[in-house]
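Below are the chains, spelled out letter by letter.
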Amino acid sequence: MSRGADLELVNVTKSYSGTIAVDAISLRIKAGTYCCLLGPSGCGKSSTLRMIAGHEDISGGDIVIGARAVNGEPPVKRGTAMMFQSYALFPHLSVRDNVAFSLKMRGVGKADRYAKADALLRLVAMDRYADRLPAQLSGGQQQRVALARSLITDPVILLLDEPLSALDPFLRIKMRAELKRFQRELGITFIHVTHGQEEAMALADLAVVMNNGRIEQAGSPQEIFDRPATEFVARFMGGHNVIDLAGKRVTVRADKVSFAPGGESAGAEHVRTGTVTAVEYQGYSVVVTLDAAGGELTAIVPERQFFARPVEPGAAAAIGWNAADIHELSPTA
Ligand code: ADP
């Protein structure tokens, strides 16, 4: 199977009739990386993906694949392919003909294109369904066919725009594990757009958090979650308390604070007291929100600890933290 190629975005900009959707972003994605573009709706993820794919003109900057600027080249010449959502399968073509379609368009003979389609259908464990029509498949099976179809041209970079959003939550988690496994087996770069931070953390080697057409932070999921660069990233990823501390904005992870019912000290270097406003059971843990002087605070309390001394909304409680768990934010531009 083919291997990936390095991808570099250099000051890439997209404007739609004067509105800037992507604002001079620069990013390096090494060959063979699982990269997730992450951020709220409208932040410029899809525009970025479509420019890399060659489905959208770039308004400024360069897209470099391998050693070559590919600005203006069609997708086939770039070595990119896009995985479309399941409903983009041709309903009147068999699974095998759907997968082989791009090769037919390129004039590849039937025996050769079917041999390759069947090999890819084996990769995604769909070879038994080669003669079926898309309507005779489940949603997850259609997704796997769509993946096989996008791989038929041997792309070095596969682009996936919210590929799991049409699936129910259970299937989404199953398919996400499969995507990761296929990416590892193929060894090519996947660039996957999502607005789900949990999905990005589960999949990405490189997570890129976007906001307002810019990159707020790019790094491993652990870097992004544990050391968010900006308040935007901390709030978007969730699980953080953003606190004003002696003129500085800092975060403390909600699973690193201590929680004490009643008016106790919570046994920490910094303590704030307040009133419990919400209690949310999550299985392994219970999320407790406190309305405290200086703002809302959240504690993720291990299940057993919580139920040893449970609290309800309205109760007095304290949340504390130690200096070692404080993470300083850079001011958001
Ligand atoms: P995301 O994928 O993060 O939701 P998009 O890249 O789709 O963001 O959109 C970024 C911004 O560009 C949004 O403000 C959106 O309204 C605008 N936009 C996207 N596509 C077009 C288009 N074809 N014409 C005009 N504006 C667009």
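Residues numbered from 1 in each chain as written. Predicted model: local features only at pLDDT ≥ 70, side-chain atom pairs only at ≥ 80, totals over all residues. Heavy atoms only, no water.

- An unreviewed UniProt entry lists the chain under the name ABC transporter ATP-binding protein, with Methylobrevis albus given as the organism.
- Note on the chain: under the UniProt heading Subcellular location (unreviewed entry), the record states "Cell inner membrane". (UniProt positions renumbered as here; feature names shortened; annotations may be inferred.)

**Considering the pairing of strand β8 (residues 189-194)**
Next up, step 1: Extensive coverage of β8 is indicated by the burial of six of its six residues.
Next up, step 2: The alternating pattern of β8 places T189, I191 and V193 and F190, H192 and T194 on opposite faces, both of which are buried.
Next up, step 3: For strand β3 (residues 34-38) and β8, the ladder comprises five bridges, and the chain directions are parallel. Bridge assignment links L37 to a residue of β8, and that residue is V193.
Next up, step 4: Looking at chain direction, strand β7 (residues 157-161) and β8 are connected through five bridges and run parallel. In the sheet register, L159 faces β8, and the bridge partner there is I191.
Next up, step 5: In this fold, β7 hands off to helix α6 (residues 169-186), which returns the chain to β8; that crossover is right-handed. (Buried < 20%, exposed > 50% of the residue type's maximum accessible area, 1.4 Å probe, protein only. Helix = DSSP H or I, 4+ residues; strand = E, 2+ residues; numbered from the N terminus. Pairing = 2+ DSSP bridges. Right-handed = clockwise from strand over helix to strand, strands pointing away.)

**Looking at helix α4 (residues 110-123)**
Next up, step 1: Between its first and last C-alpha, α4 extends 20 Å over 14 residues, near the 20 Å set by a 1.5 Å rise per residue.
Next up, step 2: Considered for burial, the residues of α4 that qualify are R113, Y114, A117, L120 and L121. The buried side chains of α4 occupy one side of the element, clustering within an arc of 125° when seen end-on. Set apart from the buried face of α4 by more than 90 degrees, the exposed residues are A111, D112 and R122.
Next up, step 3: Residues of α4 that are buried sit in contact with α3 (95-105) and α5 (139-151).
Next up, step 4: Phi turns positive, to about 55°, at A125, one or two residues after α4. (Expected span 1.5 Å × (residues − 1). Arc of directions from axis to C-beta. Contact = heavy atoms within 4.5 Å.)

**Regarding the layout of surface pockets**
Next up, step 1: Its volume calculated, the largest pocket comes out at about 380 Å³.
Next up, step 2: Forming the walls of the largest pocket are 18 residues, and the residues nearest its centre are A81, M82, F84, S102 and S150.
Next up, step 3: When residues of the lining of the largest pocket are traced back to their parent elements, those giving at least two are α2 (75-78), β6 (80-83), α3 and α5.
Next up, step 4: By residue class, the composition of the lining of the largest pocket is eleven nonpolar, five polar and two charged. (1 Å grid on protein atoms, 1.4 Å probe; cavity = no way out; pocket = protein on both sides within 12 Å on 5 of 7 lines; lining within 4 Å. Points joined across faces, edges and corners; volume = space filled by probe spheres on them. Nonpolar A, V, L, I, M, F, W, Y, C, P; charged D, E, K, R; others polar.)

**Section: the sheet that holds strand β18 (residues 327-328)**
Next up, step 1: In spatial order, the strands read β11-β12-β18; together these three strands make up an open sheet with antiparallel pairing. Edge positions in the sheet fall to β11 (240-245) and β18, since each has one partner strand and no second.
Next up, step 2: As paired strands, strand β12 (residues 248-253) and β18 are joined by two bridges and run antiparallel to one another. Opposite T251, over in β18, you have H327 as the bridge partner.

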